[in-house]
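Tertiary structure, described
So the chains spell out like this:
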Amino acid sequence: MVKDPPRPAVFLDRDGALIEEVHYLSQVEQVQLLTNVVEGLRLLERSGFALVVVTNQAGVARGYFPETQVDVIHRHLEDELARHGISITAWKYCPHHPTEGEGAYRLDCSCRKPAPGMLLEAARELNLDLPRSFMIGDKRSDLEAGSRAGCRSVLVRTGHGVAEEESVLPGLPGFLGVCDHMLEAARLVLLAGQRTLPSPSPWIRAGA
Ligand SMILES: [Mg+2]
Ligand SMILES: [Zn+2]
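Residues numbered from 1 in each chain as written. Chains lettered and ligands numbered in written order. Predicted model: local features only at pLDDT ≥ 70, side-chain atom pairs only at ≥ 80, totals over all residues. Heavy atoms only, no water.

**Concerning the coordination of the magnesium ion (ligand 1)**
Only D13 (OD), D15 (O) and D138 (OD) from the protein coordinate the magnesium ion (ligand 1), and they sit 2.1 Å from it. The sequence pattern describing where the donors of the magnesium ion (ligand 1) fall on their chain is D-x1-D-x122-D. With a gap of 123 residues between them, D15 in the loop between β1 (9-12) and α1 (37-46) and D138 in the loop between β4 (134-137) and α4 (140-148) connect regions that are remote in the sequence. With a relative accessible area of 11%, D15 lands in the buried category. The class for D138 is buried, based on a relative accessible area of 2%. (Donors = N, O, S within 2.8 Å, 3.2 Å for Na, K, Ca; no water. Helix = DSSP H or I, 4+ residues; strand = E, 2+ residues; numbered from the N terminus. Buried < 20%, exposed > 50% of the residue type's maximum accessible area, 1.4 Å probe, protein only.)

**Overview of the nonpolar core**
Within the largest apolar cluster, 34 residues are counted, with the highest numbers of intra-cluster contacts made by V10, L41 and I136. For this core, the secondary structure elements donating two or more residues are β1, α1, β2 (50-56), α2 (67-83), β4, β5 (152-156), β6 (175-179) and α6 (182-193). The element that contributes the greatest number of residues to this core is α6, accounting for six residues. Setting aside anything within four residues of it in sequence, one finds V10 in contact with L44, F49, A50, L51, V52, F134, I136 and V189. F11, V52, M118 and A122 belong to the second-largest nonpolar core, a separate cluster that totals 19 residues. (Core = buried A, V, L, I, M, F, W, Y, C linked by side-chain atoms within 4.5 Å. Contact = heavy atoms within 4.5 Å.)

**Here's the deal with the sheet that holds β2**
The parallel open sheet is built from six strands, whose spatial order is β3-β2-β1-β4-β5-β6. At either margin of the open sheet sits one strand with a lone partner, and together these are β3 (90-94) and β6. For this sheet, the mean angle separating the axes of adjacent strands, direction not counted, is 20 degrees. Sheet topology places β2 next to β3; five bridges connect them, and they run parallel. Across the sheet, residue T55 finds its bridge partner in β3, namely Y93. In the packing of α4 onto the sheet, contacts are made with β4, β5 and β6, and the angle to β4 comes to roughly 175 degrees. Sheet strands touched by α6: β1, β4, β5 and β6. Its angle to β6, the strand with the most contacts, is close to 155 degrees. (Pairing = 2+ DSSP bridges. Axes fitted to C-alpha atoms, helices over the stretch in contact; angles between N-to-C directions.)

**Here we look at the coordination of the zinc ion (ligand 2)**
Within the protein, the zinc ion (ligand 2) binds to C94 (SG), H96 (ND1), C109 (SG) and C111 (SG); these donor distances fall in the range 2.0 to 2.3 Å. Bound by four donor atoms, the zinc ion (ligand 2) shows angles of 103 to 118 degrees at the metal and therefore tetrahedral coordination geometry. Counting along the primary sequence, the residues that act as donors to the zinc ion (ligand 2) give the motif C-x1-H-x12-C-x1-C. Taken together, the positions of H96 in the loop between β3 and α3 (117-126) and C109 in the loop between β3 and α3 put the pair 13 residues apart, joining distant regions of the chain. The buried category is assigned to C109, whose relative accessible area is 15%. (Tetrahedral: all angles 85-135°; square planar, octahedral: opposite > 155°, others 65-115°.)

**Points about the pattern of salt bridges**
Inspection of the entire model under this criterion finds 11 salt bridges. Residue R14 pairs with D15 through a salt bridge whose shortest N-O separation is 2.6 Å. For R14, a relative accessible area of 1% puts it in the buried group. Three or more residues are tied together by salt bridges with common partners; here these are D13, K113 and D142. (Salt bridge = Lys/Arg side-chain N within 4 Å of Asp/Glu carboxyl O.)

**Things to note about the packing of aromatic side chains**
Here the structure, examined in full by the defined rule, presents two aromatic pairs. Measuring from ring centre to ring centre gives 4.7 Å for Y24 and Y64, while their planes differ by 80 degrees; the resulting arrangement is edge-to-face. Taken together, the residues Y24 in the loop between β1 and α1 and Y64 in the loop between β2 and α2 connect sequence positions 40 residues apart. Measuring from centroid to centroid gives 6.0 Å for F49 and F134, while their planes differ by 75 degrees, and the two rings are edge-to-face. Taken together, the residues F49 in the loop between α1 and β2 and F134 in strand β4 connect sequence positions 85 residues apart. Taking the relative accessible area as the measure of exposure, F49 reaches 8% and is therefore buried. For F134, a relative accessible area of 0% translates into the label buried. (Phe/Tyr/Trp six-rings, centres within 6.5 Å; stacked < 30°, edge-to-face > 60°.)

Quick look at the structure:
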């Protein structure tokens, strides 16, 4: 039996990278896709990348909303993207917090970014090729999770991106650069994806 070769993925942070950053977002009415996200995801999907959303949702641990509401938000966002012809391969979220909340949710887990647990789990489930995969997010913790999973990464200047920009400047393995939005990030991923591995992470200016 021939096993399918592993495929590359782009791991996507949710809040501040795909949709407007809203503090502890919990209602579908708060979900607003950021500019150029549709175009960026379309480019990545058509280039053969699996699209995997990986999001910290400590609002669950803190008791602000239940896990069922996270699912409601994700189904809503999935439907909205489907209307644009984009399909998300998998949705992963971490409901934990190391020091806040009750019961099983109060946990120093391996899935809360910057830990790479969600990426590693998706890679096992979906047969993903991590060295050929990328993480796009608006925080250093996103990029660090990508780096710890053996992926390369891009920071977007949406959400917390502008404030986080300085913190990613000191070399993070596999960090490719900073982009204004998701479409620019997608272009940088495609450019970097053409290179052979491993990337020594030179500074690539998007669009250059
Ligand atoms: Mg974010
Ligand atoms: Zn977790």
